[in-house]
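Listed below, chain by chain, are the residues.
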Amino acid sequence: RGGPVIAVDGPAAAGKGTLARKLAEALGLPYLDTGLLYRAVGRLALDAGQDPAQPAERFAQALTPEDMQRKDLRLPDAALAASKVAAQPAVRAALVETQRRFAARQGAVLDGRDIGTAIFPDADVKLFITASPATRTLRRFLQNGGDPAAPDAQTQLQAMEDALRARDEADASRDSAPMRVADDAYVIETDTLDAQAVLAEALWFTRERL
Ligand code: C5P
(Lines give C-alpha, C1' and ligand atoms only; values in the text may rest on other atoms or scores of the structure.)
Protein backbone atom coordinates (compact mmCIF):
# COMPACT_ATOMS: atom_id res chain seq x y z
CA ARG A 1 0.00 0.00 0.00
CA GLY A 2 1.07 3.56 -0.66
CA GLY A 3 0.29 4.83 2.83
CA PRO A 4 -1.24 3.93 6.18
CA VAL A 5 -4.83 2.77 6.63
CA ILE A 6 -6.68 4.13 9.64
CA ALA A 7 -9.97 2.48 10.57
CA VAL A 8 -12.51 4.49 12.56
CA ASP A 9 -15.48 2.36 13.63
CA GLY A 10 -18.32 2.84 16.08
CA PRO A 11 -22.09 3.18 16.52
CA ALA A 12 -24.35 5.84 14.99
CA ALA A 13 -23.72 9.50 15.85
CA ALA A 14 -20.63 8.80 17.97
CA GLY A 15 -18.63 11.53 16.21
CA LYS A 16 -16.72 9.15 13.90
CA GLY A 17 -17.20 11.34 10.85
CA THR A 18 -16.00 14.52 12.52
CA LEU A 19 -12.99 12.75 13.95
CA ALA A 20 -12.11 10.84 10.78
CA ARG A 21 -12.28 13.97 8.63
CA LYS A 22 -9.97 15.90 10.99
CA LEU A 23 -7.58 12.96 11.34
CA ALA A 24 -7.32 12.69 7.57
CA GLU A 25 -6.65 16.41 7.31
CA ALA A 26 -3.98 16.32 10.03
CA LEU A 27 -2.24 13.32 8.46
CA GLY A 28 -2.66 14.37 4.83
CA LEU A 29 -4.65 11.24 3.91
CA PRO A 30 -7.78 10.79 1.78
CA TYR A 31 -10.99 10.29 3.76
CA LEU A 32 -13.93 7.99 2.99
CA ASP A 33 -17.25 7.98 4.85
CA THR A 34 -18.29 4.38 4.11
CA GLY A 35 -21.76 4.92 5.60
CA LEU A 36 -22.51 6.99 2.52
CA LEU A 37 -22.11 3.90 0.33
CA TYR A 38 -24.85 2.06 2.22
CA ARG A 39 -27.00 5.19 2.47
CA ALA A 40 -26.78 5.67 -1.30
CA VAL A 41 -27.74 2.03 -1.96
CA GLY A 42 -30.65 2.37 0.46
CA ARG A 43 -31.75 5.56 -1.28
CA LEU A 44 -31.64 3.91 -4.72
CA ALA A 45 -33.81 1.08 -3.41
CA LEU A 46 -36.33 3.59 -1.99
CA ASP A 47 -36.31 5.52 -5.29
CA ALA A 48 -37.13 2.29 -7.12
CA GLY A 49 -40.11 1.83 -4.82
CA GLN A 50 -38.48 -1.18 -3.21
CA ASP A 51 -38.45 -2.18 0.46
CA PRO A 52 -34.73 -1.85 1.39
CA ALA A 53 -34.94 -5.18 3.20
CA GLN A 54 -35.47 -6.86 -0.21
CA PRO A 55 -32.40 -7.91 -2.26
CA ALA A 56 -30.54 -4.69 -3.20
CA GLU A 57 -27.32 -6.04 -4.70
CA ARG A 58 -28.07 -4.57 -8.14
CA PHE A 59 -28.20 -1.07 -6.64
CA ALA A 60 -24.80 -1.58 -4.98
CA GLN A 61 -23.32 -2.73 -8.29
CA ALA A 62 -24.75 0.28 -10.15
CA LEU A 63 -23.61 2.89 -7.61
CA THR A 64 -22.11 6.04 -9.17
CA PRO A 65 -20.09 8.90 -7.62
CA GLU A 66 -23.13 11.18 -8.19
CA ASP A 67 -25.31 8.87 -6.07
CA MET A 68 -22.90 9.46 -3.18
CA GLN A 69 -23.26 13.24 -3.33
CA ARG A 70 -27.00 13.48 -2.86
CA LYS A 71 -28.04 15.81 -0.06
CA ASP A 72 -30.85 13.50 1.08
CA LEU A 73 -28.42 10.78 2.19
CA ARG A 74 -28.24 12.45 5.62
CA LEU A 75 -31.95 12.11 6.34
CA PRO A 76 -33.18 9.55 8.90
CA ASP A 77 -35.05 7.48 6.27
CA ALA A 78 -31.75 7.00 4.39
CA ALA A 79 -30.05 5.85 7.60
CA LEU A 80 -32.74 3.26 8.22
CA ALA A 81 -32.68 2.08 4.59
CA ALA A 82 -28.86 1.91 4.79
CA SER A 83 -28.99 -0.35 7.81
CA LYS A 84 -31.42 -2.67 5.98
CA VAL A 85 -29.39 -3.01 2.79
CA ALA A 86 -26.19 -3.26 4.89
CA ALA A 87 -27.44 -6.48 6.49
CA GLN A 88 -27.39 -8.19 3.06
CA PRO A 89 -24.13 -10.13 2.42
CA ALA A 90 -24.40 -9.56 -1.36
CA VAL A 91 -24.63 -5.79 -0.88
CA ARG A 92 -21.61 -5.80 1.45
CA ALA A 93 -19.64 -7.97 -0.96
CA ALA A 94 -20.36 -5.59 -3.84
CA LEU A 95 -18.88 -2.67 -1.85
CA VAL A 96 -15.71 -4.31 -0.48
CA GLU A 97 -13.49 -3.62 -3.48
CA THR A 98 -14.56 0.02 -3.75
CA GLN A 99 -13.42 0.57 -0.16
CA ARG A 100 -10.12 -1.32 -0.54
CA ARG A 101 -9.30 0.41 -3.81
CA PHE A 102 -9.91 3.81 -2.24
CA ALA A 103 -6.98 3.26 0.13
CA ALA A 104 -4.67 1.47 -2.30
CA ARG A 105 -2.78 4.44 -3.71
CA GLN A 106 -2.03 6.68 -0.73
CA GLY A 107 -3.58 4.95 2.27
CA ALA A 108 -6.71 6.50 3.84
CA VAL A 109 -8.83 7.18 6.86
CA LEU A 110 -12.16 5.31 6.58
CA ASP A 111 -15.05 5.46 9.00
CA GLY A 112 -17.82 2.88 9.33
CA ARG A 113 -18.82 -0.21 11.30
CA ASP A 114 -16.59 -2.99 9.96
CA ILE A 115 -13.45 -1.23 8.67
CA GLY A 116 -11.10 -2.70 11.29
CA THR A 117 -12.81 -6.09 11.41
CA ALA A 118 -13.75 -6.92 7.80
CA ILE A 119 -12.57 -4.38 5.21
CA PHE A 120 -9.03 -3.81 6.56
CA PRO A 121 -8.32 -6.42 9.27
CA ASP A 122 -4.65 -5.42 8.83
CA ALA A 123 -5.23 -1.65 9.21
CA ASP A 124 -2.24 0.21 10.67
CA VAL A 125 -4.42 1.91 13.27
CA LYS A 126 -7.88 0.91 14.52
CA LEU A 127 -10.00 3.28 16.54
CA PHE A 128 -13.44 2.54 17.97
CA ILE A 129 -15.34 5.70 18.86
CA THR A 130 -18.33 5.40 21.15
CA ALA A 131 -20.58 7.17 23.68
CA SER A 132 -23.78 6.37 25.56
CA PRO A 133 -27.03 6.40 23.54
CA ALA A 134 -28.19 9.47 25.49
CA THR A 135 -25.05 11.45 24.65
CA ARG A 136 -25.19 10.47 20.99
CA THR A 137 -28.88 11.33 20.76
CA LEU A 138 -28.35 14.77 22.31
CA ARG A 139 -25.45 15.57 20.01
CA ARG A 140 -27.42 14.58 16.93
CA PHE A 141 -30.44 16.58 18.17
CA LEU A 142 -28.38 19.75 18.69
CA GLN A 143 -26.48 19.20 15.44
CA ASN A 144 -29.83 19.10 13.60
CA GLY A 145 -30.77 22.44 15.13
CA GLY A 146 -33.15 20.95 17.72
CA ASP A 147 -34.32 23.27 20.51
CA PRO A 148 -33.94 21.62 23.94
CA ALA A 149 -36.49 24.08 25.40
CA ALA A 150 -39.20 23.28 22.82
CA PRO A 151 -42.39 21.83 24.36
CA ASP A 152 -42.00 18.58 22.43
CA ALA A 153 -38.21 18.26 22.89
CA GLN A 154 -38.65 15.30 25.24
CA THR A 155 -40.81 13.40 22.75
CA GLN A 156 -38.41 14.17 19.90
CA LEU A 157 -35.38 13.05 21.92
CA GLN A 158 -37.09 9.84 22.96
CA ALA A 159 -38.01 9.02 19.36
CA MET A 160 -34.45 9.76 18.20
CA GLU A 161 -32.93 7.62 20.94
CA ASP A 162 -35.26 4.71 20.14
CA ALA A 163 -34.32 4.88 16.44
CA LEU A 164 -30.60 5.12 17.25
CA ARG A 165 -30.72 2.13 19.61
CA ALA A 166 -32.69 0.08 17.09
CA ARG A 167 -30.15 0.79 14.34
CA ASP A 168 -27.18 -0.03 16.63
CA GLU A 169 -28.88 -3.25 17.65
CA ALA A 170 -29.48 -4.22 14.00
CA ASP A 171 -25.88 -3.34 13.02
CA ALA A 172 -24.39 -5.27 15.94
CA SER A 173 -26.51 -8.39 15.59
CA ARG A 174 -26.49 -9.03 11.82
CA ASP A 175 -24.58 -12.11 10.61
CA SER A 176 -22.61 -10.33 7.90
CA ALA A 177 -19.74 -8.16 9.23
CA PRO A 178 -21.58 -7.01 12.37
CA MET A 179 -20.38 -3.90 14.17
CA ARG A 180 -17.97 -4.97 16.89
CA VAL A 181 -14.77 -3.74 18.52
CA ALA A 182 -11.73 -5.30 16.81
CA ASP A 183 -9.44 -7.11 19.26
CA ASP A 184 -6.64 -4.67 18.51
CA ALA A 185 -8.75 -1.49 18.41
CA TYR A 186 -8.16 1.50 20.65
CA VAL A 187 -11.50 2.51 22.19
CA ILE A 188 -12.31 6.15 22.86
CA GLU A 189 -15.36 6.81 25.05
CA THR A 190 -16.42 10.32 24.13
CA ASP A 191 -19.17 11.04 26.69
CA THR A 192 -16.99 13.48 28.60
CA LEU A 193 -14.76 14.64 25.74
CA ASP A 194 -15.35 17.39 23.19
CA ALA A 195 -14.31 17.04 19.53
CA GLN A 196 -10.92 18.67 20.14
CA ALA A 197 -10.08 16.27 22.96
CA VAL A 198 -11.17 13.25 20.91
CA LEU A 199 -8.95 14.41 18.04
CA ALA A 200 -6.01 14.95 20.40
CA GLU A 201 -6.35 11.46 21.86
CA ALA A 202 -6.79 9.83 18.46
CA LEU A 203 -3.82 11.67 16.97
CA TRP A 204 -1.63 10.82 19.92
CA PHE A 205 -2.45 7.11 19.61
CA THR A 206 -2.14 7.16 15.81
CA ARG A 207 1.26 8.86 15.75
CA GLU A 208 2.50 6.40 18.33
CA ARG A 209 1.57 3.55 15.96
CA LEU A 210 2.75 4.94 12.62
O1 C5P B 1 -22.33 5.70 9.52
P2 C5P B 1 -23.73 5.86 8.99
O3 C5P B 1 -24.72 6.21 10.05
O4 C5P B 1 -23.80 6.80 7.83
O5 C5P B 1 -24.12 4.42 8.42
C6 C5P B 1 -25.42 4.13 7.96
C7 C5P B 1 -25.63 2.62 8.06
O8 C5P B 1 -24.80 1.99 7.09
C9 C5P B 1 -25.25 1.99 9.38
O10 C5P B 1 -26.32 2.00 10.31
C11 C5P B 1 -24.87 0.58 8.98
O12 C5P B 1 -26.00 -0.27 8.89
C13 C5P B 1 -24.32 0.74 7.58
N14 C5P B 1 -22.85 0.72 7.54
C15 C5P B 1 -22.24 -0.52 7.56
N16 C5P B 1 -20.89 -0.62 7.45
C17 C5P B 1 -20.14 0.49 7.32
C18 C5P B 1 -20.74 1.77 7.33
C19 C5P B 1 -22.12 1.84 7.45
O20 C5P B 1 -22.90 -1.54 7.68
N21 C5P B 1 -18.82 0.35 7.18
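Rules of the game
Residues numbered from 1 in each chain as written. Predicted model: local features only at pLDDT ≥ 70, side-chain atom pairs only at ≥ 80, totals over all residues. UniProt positions renumbered as here; feature names shortened; annotations may be inferred. Pairing = 2+ DSSP bridges. Helix = DSSP H or I, 4+ residues; strand = E, 2+ residues; numbered from the N terminus. Axes fitted to C-alpha atoms, helices over the stretch in contact; angles between N-to-C directions. Buried ≥ 20, exposed ≤ 12 C-beta atoms within 10 Å, placed from the backbone. Near = placed C-beta within 6 Å. Nonpolar A, V, L, I, M, F, W, Y, C, P; charged D, E, K, R; others polar. Core = buried A, V, L, I, M, F, W, Y, C linked by C-beta atoms within 7 Å. Contact = placed C-beta atoms within 7 Å.

Looking up the protein chain in an unreviewed UniProt entry gives the name Cytidylate kinase, with the organism given as Acetobacter fabarum. Heading Sequence similarities (unreviewed entry) of the UniProt record for the protein chain holds this comment: "Belongs to the cytidylate kinase family. Type 1 subfamily." Its UniProt record gives the protein chain the following Subcellular location (unreviewed entry) comment, quoted word for word: "Cytoplasm".

A.B. asks: Please clarify how the sheet that holds strand S4 (residues 125-130) should be interpreted in this entry.
C.D. replies: Sheet strands pair via backbone hydrogen bonds, and the direction of the pair is either parallel or antiparallel. One open sheet accounts for 5 strands, arranged S2-S3-S1-S4-S5; its pairing is parallel. The outermost strands of the open sheet, each flanked by one partner alone, are strand S2 (31-33) and strand S5 (186-189). Going from strand to strand, the sheet's axes swing by 20 degrees on average, the running direction of each strand aside. The pairing of S2 with strand S3 (residues 108-112) spans 3 bridges and is parallel.

A.B. asks: Just to check I follow, could you spell out the pairing of strand S1 (residues 5-9) for this structure?
C.D. replies: Side-chain direction in a regular strand flips from residue to residue, so the side chains alternate between the two faces of the sheet. S1 sits mainly inside the fold: 5 of its 5 residues count as buried. Residues Val 5, Ala 7 and Asp 9 of S1 are buried on one face, and the alternating residues Ile 6 and Val 8, pointing to the opposite face, are buried as well. Pairing analysis gives 5 bridges linking S1 to S3, with the strands arranged parallel. Bridged to Ile 6 within S3 is Val 109. As judged from the 4 bridges shared by S1 and S4, these two strands associate in the parallel manner. Considered in S4, the bridge of Ile 6 is made with Val 125.

A.B. asks: Help me understand the site of the ligand, please; the structure alone is not making it clear to me.
C.D. replies: If you check the shell around the ligand, you find 15 residues, and the closest are Gly 35, Tyr 38, Ser 83, Ala 86 and Gly 112. Listed by contribution, the elements that provide at least two residues to the shell around the ligand are helix H2 (35-47), helix H4 (76-86) and helix H8 (153-173). In terms of residues, the shell around the ligand owes the most to one element, H4, which gives 4 residues. Looking at side-chain class alone, the shell around the ligand contains 6 nonpolar, 4 polar and 5 charged residues.

A.B. asks: Teacher, can you tell me more about the nonpolar core here?
C.D. replies: For soluble globular proteins, nonpolar side chains are generally found buried alongside one another. Membership of the largest hydrophobic core comes to 33 residues, with the highest contact counts inside it found for Ile 6, Ala 7, Val 8, Val 109, Leu 110 and Leu 127. Non-local contacts of Ile 6, meaning those with residues more than four positions away in its chain, are made with Leu 23, Val 109, Ala 123, Asp 124, Val 125 and Thr 206. Leu 37, Ala 78, Ala 79 and Leu 95 belong to the second-largest nonpolar core, a separate cluster that totals 21 residues.

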